[in-house]
Amino acid sequence: SAASDVYKRQGHFQRLLLTGALNAYLHTVDEQASERFDVLMKGYAQSWGITEVLKAEDPIKWVGLMNLARAEAEHNVMTEIICA
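Positions within a chain are numbered from 1, following the residues in the order the chain's sequence is written. Residue-level local features of this predicted model are given only where pLDDT is at least 70; pairs of side-chain atoms are given and counted only at 80 or more, and the full residue set underlies all totals for whole chains, interfaces and linings. The side-chain quantities take in all heavy atoms of the structure and omit both hydrogens and water.

Considerations on the overall build of the protein chain
Short version of the rule: Secondary structure follows DSSP: runs of H or I at least 4 residues long count as helices, runs of E at least 2 residues long count as strands, and numbering of each begins at the N terminus. The quantity called the radius of gyration is restricted to C-alpha atoms. Its globule counterpart is 2.2 Å times the number of residues to the power 0.38. Contact definition: two residues touch when any of their heavy atoms are within 4.5 Å. Charge convention: Lys and Arg are scored as positive, Asp and Glu as negative, and His as well as the terminal groups of each chain are ignored. Every charge is mapped to an atom, namely NZ of Lys, CZ of Arg, CG of Asp or CD of Glu.
A tally of helices and strands in the protein chain yields four helices and zero strands. The order of helices and strands in the protein chain, counted from the N terminus, is α-α-α-α. By the compact-globule yardstick of 12 Å for 84 residues, the protein chain is too spread out, its C-alpha radius of gyration being 18 Å. Overall size of the protein chain, expressed as C-alpha extent along the three principal axes, is 55 × 30 × 15 Å. A sequence separation of at least 24 residues applies to 60% of the contacts in the protein chain between residues at least 6 apart. Of the charged side chains in the protein chain, 8 are positive and 11 negative, and the gap between their average positions amounts to 6 Å.

Structure (structure tokens):
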């Protein structure tokens, strides 16, 4: 249930905090999130045609696609890594 998940997360957090492992854990999660974000952005750029040529030819479209890709990547990272 949702309540038991909250208690598990609180217990995990407290164990990390009390053992001094919280900073290392957060650093690892940050690295994983950054790596996943980069992979997703490269994939979106490739599949959506977000290129330097597009940037030069249609900068407004390029910015719009980059903003959409960034939002999608951030959402996926939050779902897959941060909130998992």
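Some details on the packing of helix α2 (residues 22-48) against helix α4 (residues 59-82)
Our working definition: To obtain an axis, a line is fitted to C-alpha atoms, over the contacting stretch when the element is a helix, and the angle between two such axes runs from 0 to 180 degrees between their N-to-C directions. Any angle between 65 and 115 degrees counts as roughly perpendicular, while under 35 counts as roughly parallel, over 145 as roughly antiparallel, and the rest as oblique. Crossing handedness: left-handed means the near helix sits turned counterclockwise from the far one by under a right angle, and right-handed means the same turn made clockwise. Here the term charged refers only to Asp, Glu, Lys and Arg, the term nonpolar to Ala, Val, Leu, Ile, Met, Phe, Trp, Tyr, Cys and Pro, and the term polar to all other amino acids, Gly among them.
Two numbers describe how α2 lies on α4: the axes approach to 9 Å, and their chain directions differ by 140°. The pairing of α2 with α4 is recorded here as oblique in orientation. For the pair α2 and α4, the crossing hand works out as right-handed. The residue makeup of the contact of α2 with α4, split by class, is 15 nonpolar, two polar and five charged.

Points about the packing of aromatic side chains
Heads up, the condition is: Put simply, two rings from Phe, Tyr or Trp (the six-membered ring, in Trp's case) pair if the centres are within 6.5 Å, and we call them stacked under 30 degrees between planes, edge-to-face over 60, tilted for the rest. Using a 1.4 Å probe on the protein chains alone, a residue whose accessible area is under 20% of its type maximum counts as buried, one over 50% counts as exposed, and one in between counts as partly exposed.
Per the stated rule, a full pass over the model turns up one aromatic pair. Here the aromatic rings of Y44 and W48 are separated by 4.7 Å at their centres, their planes lie at 25°, and the arrangement is stacked. You can see Y44 and its partner W48 sitting in helix α2, four residues apart, about one turn around the helix. Residue Y44 is classed as buried on the basis of its relative accessible area of 13%. Looking at W48, the relative accessible area reads 31%, which means it is partly exposed.

All quantities given are derived from atomic positions and should not be read as evidence of function.
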